[in-house]
Amino acid sequence: MTTQQEALFLRSDELAGLAEPAEYVESVRDGYRQRGEGAPAEPRTKLPNADPPGFFTGYLAILPDTGAMGTYTYGAGFGAQDAHFMLSLFDAESGEPLALMDGASMNPFKTGATGAVGIDALARTDVSTLSVIGSGAQARGQVRAATTVRDFDRIDVYSPTKQHRENFAAEMNETLGPTVAAVASSAAAVEGADVVITATNASQPVFDGDLLEDGTHVTAMGQYDADAREVDAETVQRATYVPDLRARTETDAGAFIQAAEDGAVSADHIHAELGAVVAGVEPGRTSDEEITLFDSGGTAVETVAAAHMLYERAVERDLGEPLEFAPASQALTGK
């Protein structure tokens, strides 16, 4: 007789609202602390498809202290011209499945939390102005999380469509303490900013690195493709460069890869992974004049950390539908 292992299927609407941005930040920070202490994680594998155009991608990590491991996979484009996210979560002690989640609604929150962990680890403590280039879902997640780790007085937003940036400013003004204003250019956003976040789908740099003032922190999170970048070689060269995973600088961290191809930097320019800074293995910022850059392309570190937090909340609230998985020792018989 086959013994079934019960897991949970958790819908997107069940996961929405289970945690506040600060709680995502706390769980993701601990995930990167574990990564800095040696927890295994691999950068995404991205498989392009020509006809119909789209890509299928995924990444994985084990967080021993959290007691969880998982994968995050999604397909984007193809015939439906949309994206669908599946997140599988396993117990890192037993190896048994815990949950299968619809991973779309949590994405901006866990990604925003990663950006906030980067800000907390690398930005000056006395920052007061934040600028975001981009006005979509990811920009919302970044800004909401950022305000949980630093006290900003003003937030500027720029995106090419005037209505989009003005709508973003109006929406954020209703929910956040700092004054949020739309500005007319990326240069206006960058000049004088203490923290700059790029959250775009642009394939070319969205601002001139010469405009960055000493002491600025930059989080670039919108691109994970060797042929695309949101920040230029000047920005990478001027900054203390910290990626989420070092291996990404050879696969999909386009800003670093293209800066290296231009001869602006070499592998020695990589300061440390974010996890090493969070864990205290390597220093973060060492002076108020230093420019810092966190290159956030997305990993399963933040995904597994956030997913396990949401899973525990869901269990407490008796959410989800049971799924049964047969262990391979009983089901993998070939009969």
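Residues numbered from 1 in each chain as written. Predicted model: local features only at pLDDT ≥ 70, side-chain atom pairs only at ≥ 80, totals over all residues. Heavy atoms only, no water.

1. Topic: the sheet that holds strand 12 (residues 240–243)
In step 1: In space, the 7 strands of this open sheet follow the order 9-8-7-10-11-13-12, with parallel pairing throughout. The two strands at the open ends of the sheet, each matched to only one other strand, are strand 9 (179–182) and strand 12. Ignoring strand direction, the axes of neighbouring strands in this sheet form an average angle of 15 degrees.
In step 2: In the sheet, strand 7 (residues 129–133) pairs with strand 10 (residues 195–198) via 4 bridges, with the strands oriented parallel. Within the sheet, the bridge partner assigned to L130 lies in strand 10 and is V195.
In step 3: Against the sheet, helix 4 (residues 137–146) contacts strand 7, strand 8 (154–158), strand 10 and strand 11 (217–220), and its axis sits at roughly 165 degrees relative to strand 7. (Pairing = 2+ DSSP bridges. Helix = DSSP H or I, 4+ residues; strand = E, 2+ residues; numbered from the N terminus. Axes fitted to C-alpha atoms, helices over the stretch in contact; angles between N-to-C directions. Contact = heavy atoms within 4.5 Å.)

2. Some points on the packing of aromatic side chains
We describe a pair of aromatic rings using the distance from one ring centre to the other and the angle between the two ring planes.
In step 1: Summed over the entire model, instances satisfying the criterion amount to 7 aromatic pairs.
In step 2: Measuring from centroid to centroid gives 4.5 Å for Y74 and F85, while their planes differ by 25 degrees, and the two rings are stacked. With a gap of 11 residues between them, Y74 in strand 4 (residues 68–77) and F85 in strand 5 (residues 82–91) connect regions that are remote in the sequence. There is no split in this pair, since Y74 and F85 are both buried. (Phe/Tyr/Trp six-rings, centres within 6.5 Å; stacked < 30°, edge-to-face > 60°. Buried < 20%, exposed > 50% of the residue type's maximum accessible area, 1.4 Å probe, protein only.)

3. What to know about the packing of helix 2 (residues 21–36) against helix 10 (residues 300–316)
In step 1: Where helix 2 meets helix 10, the closest approach of the two axes is 8 Å, and the angle between their N-to-C directions is 130 degrees. One way to sum up the angle between helix 2 and helix 10 is to call them oblique. In terms of crossing hand, the pair formed by helix 2 and helix 10 is right-handed. Here E23, Y24, S27, V28, G31, Y32 and R35 of helix 2 come into contact with helix 10, specifically with V301, E302, A305, A306, M309, L310 and R313.
In step 2: Per-class residue counts for the contact of helix 2 with helix 10 are 8 nonpolar, 2 polar and 4 charged. (Parallel < 35°, antiparallel > 145°, perpendicular 65-115°, else oblique. Left-handed = near helix turned anticlockwise from the far one by under 90°. Nonpolar A, V, L, I, M, F, W, Y, C, P; charged D, E, K, R; others polar.)

Purely spatial values, then, with no claim about function.
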